[in-house]
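# Coordinate inspection notes
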Amino acid sequence: MSEKGNALINACDLMGIKPVLTALSYPPQQVQSKNLAYANLLSVDYCGSVSELSAITQYINFETRLCGFQCQMARVLLGIAMAEMMHLQKLGELILLLGGKLDYSARMQNGKQKQWSPEYLFLPDNAAQMLQACIASEQEAIKQYRMHWKMIGDANVRAVIARIIQDEEYHILTLNDLLAAV
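Keep in mind the model is a prediction, meaning the values are calculated, not measured.

A few words on the pattern of salt bridges. With the rule as written, the count across this model stands at 4 salt bridges. A salt bridge links D103 to R107; its shortest N-O distance comes to 2.8 Å. Judged by relative accessible area, which is 28%, D103 ranks as partly exposed. The closest approach of N and O atoms between D167 and R163, which form a salt bridge, is 2.6 Å. Of this pair, D167 and R163 both sit in helix α6 (residues 155–180), 4 residues apart, which is roughly one turn of that helix. No difference in accessibility class separates D167 from R163, as the two residues are buried.

Below, the structure written as structure tokens:
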């Protein structure tokens, strides 16, 4: 790569970025009792096609590709990725507390397992399409979380899911603001 190319990639200062999330605290990571069915539902949110792992990977890809010429947008996407990492960590803790496994396999209700794959990602070429893909992914995540919230009877797990949904809704607002400026 040329010196000019290196300068573009390094032009975006990513130091000091904080997670993009609501200012509310997260509920305690606890469960009423072990429940493998609940752990399996959360495994889909953890590493399924619509999941925190997919979101993190997509956001980091977009941030890296935008860093050289859309620095502010790249910084926001990295902040959202950081929030998604926090969600991944919280889901992982709940899965373990519920007696489940953390092995990057989404465990479906039909008994099948599907290992996470980059095939789940949509990687468009321009900034507007990237933001639209992020918004669509956040909307799908909210829909899936709400469905899982209804299926889970553990109030502690439901509280964490509800808190994560608040961040995802905030991400949509933030992404819409970015899209309006493109």
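So, about the state of the cysteines. Considering all chains together, one arrives at 1 disulfide under this definition. The disulfide bridge from C12 ends at C71, spanning 2.2 Å between sulfur atoms. Across the S-S bond linking C12 and C71, the dihedral sits near 85°, which makes this disulfide right-handed. Of this pair, C12 sits in the loop between α1 (3–10) and α2 (36–47) while C71 sits in helix α4 (residues 71–97); the two residues are 59 residues apart in sequence, bridging distant segments of the chain. The exposure class assigned to C71 is partly exposed, which follows from its relative accessible area of 26%. Of all cysteine sulfurs in the structure, the one in C67 sits closest to C134, which takes part in no disulfide; the separation is 15 Å.

About the thresholds
Residues numbered from 1 in each chain as written. Predicted model: local features only at pLDDT ≥ 70, side-chain atom pairs only at ≥ 80, totals over all residues. Heavy atoms only, no water. Salt bridge = Lys/Arg side-chain N within 4 Å of Asp/Glu carboxyl O. Buried < 20%, exposed > 50% of the residue type's maximum accessible area, 1.4 Å probe, protein only. Helix = DSSP H or I, 4+ residues; strand = E, 2+ residues; numbered from the N terminus. Disulfide = S-S within 2.5 Å.

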